[in-house]
Amino acid sequence: MIGNAMKPAPFIRCRLPASAVIALGYLLLGGLWISFSDKLLLIFVPESETLSVLQTFKGSFFVLSTALLLYLVLKHLHHRNWDTHVELAQSEERFRLVFERANDGIVILGDKLDFIKCNEACCRIFGVDSPDELIGKTPFDFSPEIQRDGRSTAEYSKDITGKLQGDQQLRFEWRLVQPSGKMVDTEISCILFKIGDQSFQQAIIRDVTDRYIREAMRRRENQQTRTLLELYENSKTLTDKELYDFVLDHAVALTGSEIGFMHQVSEDQKTIHLTTWKGASMESCMTAEESHSPLADAGNWVDCVHAKHPVIYNDYPNSPSQKGLPVGHVPLTRFMSIPLMEDDKVRVIFGVGNKEEEYDEQDSIQLQLVMNALHEILSERRLNEQLKKKQASLSEAQRIAHIGSWVHTIAAGTIECSEEVFHIYGVDSETFTPTLDSFMAMVHPDDKERVINAYMDSLKNRTIHEVDHRIILQTGSIRYVHERCEHHYDGDGYPVRSVGTVQDITEQKHAEDELRKARKELQLIIDNSRDVIFQIDLTGNYIYANAAAEGMTGYSVDQLMAMNMTELIVPEHIPMVMERLKKRVAGDYEPGHYSFQIINKNGHRLWVELMTSGVYDEKDQLFAVQGIARDVTDRKRMEEALEKRIVALTRPIEDVEDIAVEDLFDLDELQRIQDEFSAATNVSIVFARPDGTPITQPSNVTRLYFDIIRKTEKGFGNGVASDAALGRYNPEGPTIRPCLNGGIWDAGTPISVEGKHVATCLIGQVRNETQTEEQMRAYAREIGADEEELVKAFYDVPVMSSEQFEKIAKSLQTLATQLSKSAYMNLQQARFIADERARTKELHRLSTAINQMGEMVVITDIGGNIEYVNPAFESVSGYSRDEVLGENPRLLKSGIHSKMFYKNMWECISSGNPWSGQMHNRRKNGTIYIEDAIVSPVCDAQGNIVNYVGVKRDVTKLIKLEEQFQQSQKMEAVGRLASGVAHDFNNILQGILGYCSVLLMETEGQELIQQDVKEIRNTARRAGDLTRQLLAFSRKQPMMQTQLDLNQIMAEQISMLRRLVGEKFSLKFDPSRDLSPIKADRSQIEQVVMNLVVNARDAMPDGGCVTIATKYASFALNEKGERSHAGDFVCLSVADAGTGMEQKVIEHLFEPFFTTKPLGQGTGLGLAVSYGIVEQHGGWIEVESEIGEGSTFSVYLPVCSGEIVPEVPETEVNAPQVARGDHHKRVMVVEDDSQVRSLARLILEQAGYDVIDVMSASLATEVFGANGGIFDLLLIDAVLPDGSGVQLADTLRKMASSAAVVIFSAYGEERIRADEITKRGYIFLKKPFAAETLLATAQSAIEMIK
Amino acid sequence: MATILLIDDDSSIRSVFKRFLERHEYSVSVAEDGEAALRLLDEVSPDLVVTDIMMPHKDGIEVILELRKQHPDLPIIAISGGMRVAPMDFLPMVKKFGVKKVFYKPVELSDLLCAIREELGQ
């Protein structure tokens, strides 16, 4: 109807009006009619010419007028028709344009809703290139499964289809999906119309996707505004967490997400904590369990923490750096995470996920807005919190500091004050009215005026008011307060108010008083201290010194303050003192005092003992050193003197002459005694050596003697001679006589030690009435002195009666005797000290020796209480010295020995005899050790036992080693025995087995007999197995060592082992990844593993898990006991969780025939064989077992050192694959018969020898030389192509003599004489030889040489 | 009927092997050591040799080497009961001389039979 049929007809486009045509036609027809009818009339009525003309005229007029009329009518009609046509055409044109170019899709659908016609817009909406692609299809072909409102398309379309048939017109929404997958939301209006019987649907389809988006956006904006409003509203009532939840909930809603989650991020930004997890709605919200996890481990939803802005992953399964979801997690299709920042740190991560559409920037902007709002709220909240906290802490601070604050409004006279003010004034803030007067009333009367004046002054002077005063509380007690305030003034300069604080300083006052008192006391102590107390700065300058410093140094304190410490110290001690000071400053100072010498102002050297300590400032920085110094000069001097005396007096004294008076006496002391004696008696005194030379400075000497007489040569000689004579020993008493020098009276008395005259004490130079001036003058002339001077001096000599002088001389003798005694005591003391020192030194030497010796030493008193133990004891027993001192050695009792054992020991030693024996003792940690002990009594001089000394040696290891040795010997013996019988045994068993087979054949059908024979056969087989294992145990089976990967072997064997252990057991294999290859015989190692696994299985009667593990192990020398080897090993362990084994069982574990299994179930050879195999491989087996816990067997095998060829298939025949260890003997075979040569070579190589074979004597010599002659054995054929075997042997032996020689020869070779061979020490071997004979001969030849 | 030369120094083994193999329709010649075996060799010209290893006078290895020299393709089966003095195993060694089947004593006769049949291609 529409289509081509709608195209306008061509006539409509004709220029000539139709009305004119019709009218003209009519005119033409009418004209013709008239002409013809008139002509006819003329024919029939000829006389009617005139009528005819008239008729013609009438007719013409009529036709003309009717034609005109017709034309007019037609023209009118035509006009109307024309317009309609044009309109129609235009309308059609418009319609076509509308149809083609409409923005909405317009389609005509058939009765099956199939596309019949559609426009361009349709193509756009349906996402196809041309309408042809749509024709024939239905809109349902372009529909997703689910409609926008969530209804299924199938259901919805049924509904729509139903309605379409009923209603004329229908309008509905429909979601389409384009072939590209893009969803398009449409609005469709359908109109049903019919053409003929056929009904059609015209549908207008409008793409409303954008509109929906806009609407959604608007909705979202509204929602966002609402959210923000609600957020602000709720911000006052909700907690942080609740706010977060609120925001999360709204974030989920805002973005149209299905899920939401929230993680709090820790302060250090290193861990996150999942706090909330939401499903689609609040109902399914739940709080996650404690789930702190490191940020680094979290999935990519924490990417926003690093990015610090929203992160969107719209394709989560393919998103980068995702770490998977936890078990049970909702599947995540896409998500967006947004960080909430505070102070440039991420506090919280909000996440939303599984939105139907992709997350876009809009989502992120929206959530960011919410986050900003949340951030603002939180910031404000933090500020408020801080403010509150500050206020709280301020009032807390006031309370703690006892400071109250107040404001005094001067005009009103009111005072506002903080709670603390009331507290300080001891009043109740409820009842007390704070005014200036009410406060002033409480001020102490004595302080009141001062306080008021100070306040007024400060008001007037505009200064800060500050005053300390007392207040009297209502309780009557006094409190000290410190007031301080500032004043505020108005524009006219009048004070308006004062703002101030009041502080309770009572405690401070008391403390200050206390401190002042303490400081005073301290100062008093320092001032009165006899020790010098001083401080120096870090460079040694004095900064403080007490009064005692003046006494010691002679300098005033002020002078000292300008000095450095070094100025006082003697130069030789300065480095030592400065070194100490430096250390003190550096902080690594050794405590204690030290001594050095100083020189005081008077130039005297003083010994000072100093102790220092650091002085630190409030920042704990050292700023000075404080010292306490004591004058120890006297002590030092005494010490030195004593030391000197000891050294001097304890020299071997053959001749007492050697004893010097200086060594016997303190000369200063002697001088003092002398001076005092002289002052008391007014006589001149001097101590002199036996020969008369003075020891001391003479006191009270006369000018006569010293200045005049002694100045002359003769006078001096007389004096000395006289003194010497006076000093002679005189049992009668002191010698009193006139001096040779002019007869002045002198007296002398000797001081002797051990009968030896060591000094003389001389007094004298008094005159009595007997001397005359003349005598003096004569003497002056005699010695050649000035006569007048001498006489003048003579009169200065004190006069004393003879009796008086005698009395003085007597007392002098008493003094001298006393001095002699004292000298003797000094001597004795010195000797004693020297002896003591020697003894101490000896003791020290001995105790050092005991301390350092490896043997344990225990000393007890006679009651057995320990008085001493040495370090060796401590290390072996595990007890420290302090723990055992005073204890009895029975604390070490192991419980192994009987009471009798200890009783015997005690009986032996208490009877005075030493006891020796082996003893088991228990260490502190409970383990037993064995010691070889000798316990001896120690007797004093009277023969009484005073101590017992035990010297013990820990022999645990030694005994273990011995046991191990015995064990291995035993096993070797068993091995030898086994291999010895195996051959015969096997032959016997072969016979039995063989006959069984024959019997079985011959008794076919005789069931009973057959059964018995089979039993015999089984028994024989068992015997065969046993023999084979015995042979294996004898560990001389040749090994086919190859390079093996233990893990690989285990992996291959594991399924077999699983079958072996059975279903009741599980077998776990735990291989270590980096395992070095080992060199081993594969089948033997498999046998070992099998044995261990079978044992593990049998240890768990109720089933369990057997764990096989491999690992790498490396040992330093002796780390694993004596049997182990240092180096790198591979450890294979087989562990069971079985019954475990007792120590006794473990001890015998590897012995052949030792079994714990029931009779007939175990041969007792499995572990023995394993042991042999592993040992042969250079490894060892370790056993760990706990009763009830299970056992672990660890097999250690050395890693391959690289010289072993890799595993090759057995069939390959090439060079013998035998390991050539260093321990293998080297053999040279010299034989021209190649068959014999290679046989010998093969046999020897199989036995582990390193063999070189050559075919001639010359070659042998060459090879021998090239190898440096290092051969253990030479096997030489007696007859060689280029010489005799014996000669060759001789030559080679000359080159290197260490090799054993075997000469072999066939019988019948007449030239060879066996005795010639044996004579040279060679061994003769008959050819042909059995393999075994060859080996036996080779072995014994080598052993012979050894 | 295939002929087997059986070499063993143990008489009971000789006799039981012989009886057993004869029951399985082999013609069996026996020798008590290597020397005897080599003497018999031409006389019996065996299709297969079963030999013990350790024997007095001439042991199994010598026999095998000699046999290899004379009859390189003659199938040999070696059975060893171990050594008396030196606990050594020669069976891996004889494999190098082309002895394909080796057994340790005591051997199950059925196993031996299988091996013989296999070697003779039966």
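Residues numbered from 1 in each chain as written. Chains lettered and ligands numbered in written order. Predicted model: local features only at pLDDT ≥ 70, side-chain atom pairs only at ≥ 80, totals over all residues. Heavy atoms only, no water.

Trainee: It is not clear to me how the overall build of chain A should be interpreted in this structure. Could you clarify?
Mentor: Within chain A, the secondary structure is distributed over 37 helices and 45 strands. Counting all 1346 residues of chain A, 41% fall into the buried class. Taking contacts inside chain A between residues at least 6 apart in sequence as the whole, the part at least 24 apart equals 56%. Total accessible area on chain A stands at roughly 74,500 Å², and carbon and sulfur atoms take up 54% of it. (Helix = DSSP H or I, 4+ residues; strand = E, 2+ residues; numbered from the N terminus. Buried < 20%, exposed > 50% of the residue type's maximum accessible area, 1.4 Å probe, protein only. Contact = heavy atoms within 4.5 Å. Areas by Shrake-Rupley, 256 points an atom, 1.4 Å probe, with all protein chains shown as cover.)

Trainee: It is not clear to me how the sheet that holds strand 24 (residues 735–738) of chain A should be interpreted in this structure. Could you clarify?
Mentor: Sheet strands line up and pair through hydrogen bonds in the backbone, either parallel or antiparallel. Residue and element names in this part refer to chain A. In spatial order, the strands read 23-26-25-24; together these four strands make up an open sheet with antiparallel pairing. Two strands close off the open sheet at either side, each with one partner strand: strand 23 (684–688) and strand 24. Between one strand axis and the next, the sheet turns through 20° on average, direction left out of account. Bridge count between strand 23 and strand 26 (residues 756–766): five bridges; the pairing is antiparallel. Pairing of Ala-688 across the sheet is with Thr-760, part of strand 26. Seen against the sheet, helix 23 (residues 802–852) touches strand 23, strand 24, strand 25 (745–753) and strand 26 and runs at an angle of roughly 20° to strand 25. (Pairing = 2+ DSSP bridges. Axes fitted to C-alpha atoms, helices over the stretch in contact; angles between N-to-C directions.)

Trainee: What should I look at first to understand the packing of aromatic side chains in this one?
Mentor: For any two aromatic rings, the description comes down to two numbers: the centre-to-centre distance and the angle of the planes. Residues and elements named next belong to chain A. All chains considered together, the criterion is met by 23 aromatic pairs over all chains. Look at Tyr-313 and Phe-335: their rings are 5.6 Å apart centre to centre, the planes differ by 55°, and that puts the pair in the tilted class. Here Phe-335 lies in strand 11 (residues 335–342) and Tyr-313 lies in strand 10 (residues 311–313), a separation of 22 residues in the sequence. Residue Tyr-313 is classed as buried on the basis of its relative accessible area, which comes to 15%. Members of the aromatic cluster, connected to one another through ring pairs, are Phe-140, Tyr-156, Phe-172 and Trp-174. Cation over ring: Arg-211 sits above Tyr-212, and NZ or CZ is 5.9 Å from the ring centre. (Phe/Tyr/Trp six-rings, centres within 6.5 Å; stacked < 30°, edge-to-face > 60°. Lys NZ or Arg CZ within 6 Å of the ring centre and 35° of its normal.)

Trainee: What exactly am I supposed to notice about unusual backbone geometry here?
Mentor: Note: most peptide bonds trans; most residues except glycine with negative phi. Residue Pro-106 of chain B is bonded to the preceding Lys-105 of chain B through a cis peptide linkage, with omega at -5°. Along the chain, the position of Pro-106 of chain B falls in the loop between strand 5 (101–104) and helix 5 (109–119). Despite not being glycine, Asp-620 of chain A has its phi angle at roughly 65°, a positive value. Tracing the sequence through the fold places Asp-620 of chain A in the loop between strand 21 (605–616) and strand 22 (622–631).

Trainee: Would you take a moment to explain the confidence of the model for chain B for this structure?
Mentor: Mean pLDDT for chain B: 85, with 93% of residues reaching 70 or above. Reported for the predicted complex are a pTM of 0.34 and an ipTM of 0.77. (pLDDT = per-residue confidence, 0-100.)

Trainee: Hey, could you run me through the nonpolar core in this one?
Mentor: The tendency in soluble globular proteins is for nonpolar side chains to be buried side by side. One finds Leu-1244, Leu-1273 and Leu-1275 of chain A together with Ile-61 and Val-94 of chain B to be the most contacted residues of the largest nonpolar core, which totals 49 residues. Formed by 43 residues, the second largest nonpolar core is a distinct cluster that contains Leu-1067, Ile-1078, Tyr-1171 and Val-1174 of chain A. (Core = buried A, V, L, I, M, F, W, Y, C linked by side-chain atoms within 4.5 Å.)

Trainee: Help me understand the pattern of salt bridges in this model?
Mentor: Oppositely charged side chains can pair when the atoms bearing their charge come close. Scanning all chains against the criterion turns up 50 salt bridges over all chains. Measuring nitrogen to oxygen at the nearest pair gives 2.8 Å for the salt bridge that ties Arg-19 of chain B to Glu-1002 of chain A. Here Arg-19 of chain B is found in helix 1 (residues 11–23), whereas its partner Glu-1002 of chain A is found in helix 27 (residues 956–1002) on a different chain. Overall, the relative accessible area of 37% leaves Arg-19 of chain B in the partly exposed class. Because the salt bridges share partners, they merge into one network encompassing Glu-773, Arg-777, Arg-781, Glu-787 and Glu-788 of chain A. (Salt bridge = Lys/Arg side-chain N within 4 Å of Asp/Glu carboxyl O.)

Trainee: Just checking my understanding: could you explain helix 21 (residues 773–783) of chain A for this structure?
Mentor: Structurally, the α-helix is built with 3.6 residues per turn, so residues lying three or four positions apart point the same way. Residue and element names in this part refer to chain A. Within the span of helix 21, buried status applies to Met-776, Arg-777, Tyr-779, Ala-780 and Ile-783. Looking down the long axis of helix 21, one finds its buried residues gathered within 160° of arc, a one-sided arrangement. Turned more than 90 degrees away from the buried face of helix 21 sit Glu-774 and Arg-781, all of them exposed. With its phi angle positive at about 80°, Gly-784 sits one or two positions after the end of helix 21. (Arc of directions from axis to C-beta.)

Trainee: Which parts of the structure should I look at to understand a nonpolar patch on the surface?
Mentor: Residues and elements named next belong to chain A. Residues Leu-28, Leu-29, Leu-32 and Phe-36 make up a contiguous nonpolar surface patch of roughly 450 Å² in combined accessible area. Structurally, Phe-36 is set in helix 1 (residues 18–44). A residue is classified by how much of its surface remains accessible, and Phe-36, at 56% relative accessible area, is exposed. (Patch = residues over 30% accessible without salt bridge, like charges linked within 9 Å, V, L, I, M, F, W, Y side chains within 5 Å.)

Trainee: When you look at the packing of helix 18 (residues 667–681) of chain A against helix 23 of chain A in this model, what are you seeing that I'm missing?
Mentor: Packed helices, taken two at a time, are described by the angle their axes make and the gap between the axes. Residue and element names in this part refer to chain A. Running from N to C, helix 18 and helix 23 cross one another at 165°; their axes reach a closest spacing of 12 Å. On the basis of the axis angle, helix 18 is roughly antiparallel to helix 23. Like other packed secondary-structure pairs, helix 18 and helix 23 cross with a definite hand, here right-handed. Taking contact as the criterion, the partners of Leu-670, Ile-673, Phe-677 and Thr-681 in helix 18 are, on helix 23, Ile-808, Ser-811, Leu-812, Leu-815 and Leu-819. (Parallel < 35°, antiparallel > 145°, perpendicular 65-115°, else oblique. Left-handed = near helix turned anticlockwise from the far one by under 90°.)

Trainee: Quick question: what am I supposed to make of the sheet that holds strand 37 (residues 1180–1186) of chain A here?
Mentor: Residue and element names in this part refer to chain A. Taken in spatial order, the five strands make up an open sheet running 33-35-36-38-37, and their pairing is mixed. The sheet terminates laterally at strand 33 (1065–1070) and strand 37, the two strands that pair on one side only. Averaged over neighbouring strand pairs, the angle between their axes works out to 20° when direction is ignored. Looking at chain direction, strand 37 and strand 38 (residues 1190–1198) are connected through seven bridges and run antiparallel. For Ile-1181, the partnering residue across the bridge sits in strand 38 and is Val-1195.

Trainee: Help me out: how do you make sense of the packing of helix 30 (residues 1082–1098) of chain A against helix 32 (residues 1166–1176) of chain A in this one?
Mentor: Residues and elements named next belong to chain A. For the pair helix 30 and helix 32, the least separation of the axes is 9 Å and the interaxial angle reads 145°. Of the two possible hands of crossing, helix 30 and helix 32 adopt the one that is left-handed. Counted together, Gln-1084, Gln-1087, Val-1088, Asn-1091, Leu-1092 and Asn-1095 of helix 30 and Gly-1166, Leu-1167, Val-1169, Ser-1170, Ile-1173, Val-1174 and Gln-1176 of helix 32 form the full contact between these two elements. Considering only residue class, the contact of helix 30 with helix 32 consists of six nonpolar, seven polar and no charged. (Nonpolar A, V, L, I, M, F, W, Y, C, P; charged D, E, K, R; others polar.)

Trainee: Just to check I follow, could you spell out a negative patch on the surface for this structure?
Mentor: Taken together, the side chains of Glu-258, Asp-315, Glu-356, Glu-357, Glu-358, Asp-360 and Glu-361 of chain A present a region of like negative charge at the surface. Here Glu-357 of chain A is to be found in the loop between strand 12 (345–353) and helix 8 (361–401). (Lys, Arg positive; Asp, Glu negative; His and termini not counted. Charge placed at Lys NZ, Arg CZ, Asp CG, Glu CD.)

Trainee: Can you help me understand the state of the cysteines in this one?
Mentor: Working definition: the covalent bond between the sulfur atoms of two cysteines is a disulfide. Residues and elements named next belong to chain A. Using the criterion set out here, one finds zero disulfides over all chains in the structure. Distance from the sulfur of Cys-122, which forms no disulfide, to the nearest cysteine sulfur (Cys-118) is 4.8 Å. We classify Cys-122 as buried; its relative accessible area is 0%. (Disulfide = S-S within 2.5 Å.)

Trainee: How do you make sense of the environment of Ile-410 of chain A when you look at a structure like this?
Mentor: Residue and element names in this part refer to chain A. Mapped onto the secondary structure, Ile-410 falls in the loop between strand 13 (403–409) and strand 14 (414–417). Ile-410 sits in the partly exposed class, given a relative accessible area of 25%. In this structure, the C-alpha to C-alpha distance between Ile-410 and Leu-436, residues 26 residues apart in sequence, is 9.2 Å. Once residues within four sequence positions are removed from consideration, Ile-410 is found in contact with Tyr-455, Leu-459, Pro-495, Val-496, Arg-497 and Ser-498.

Trainee: It is not clear to me how the pairing of strand 21 of chain A should be interpreted in this structure. Could you clarify?
Mentor: A regular strand places its side chains on the two faces of the sheet in alternate fashion. Residues and elements named next belong to chain A. Where strand 20 (residues 594–599) lies against strand 21, six bridges are found, and the strand directions are antiparallel. Across the sheet, Tyr-594 pairs through a bridge with Leu-610, a residue of strand 21. The antiparallel pairing of strand 20 with strand 21 creates a hairpin that spans five residues between the two strands, and Gly-603 there sits at a positive phi of about 85°. For strand 21 and strand 22, the ladder comprises nine bridges, and the chain directions are antiparallel. Within the sheet, the bridge partner assigned to Val-615 lies in strand 22 and is Ala-624. Counting the residues between successive antiparallel strands, the hairpin from strand 21 to strand 22 contains five residues, one of them, Asp-620, with a positive phi of roughly 65°.

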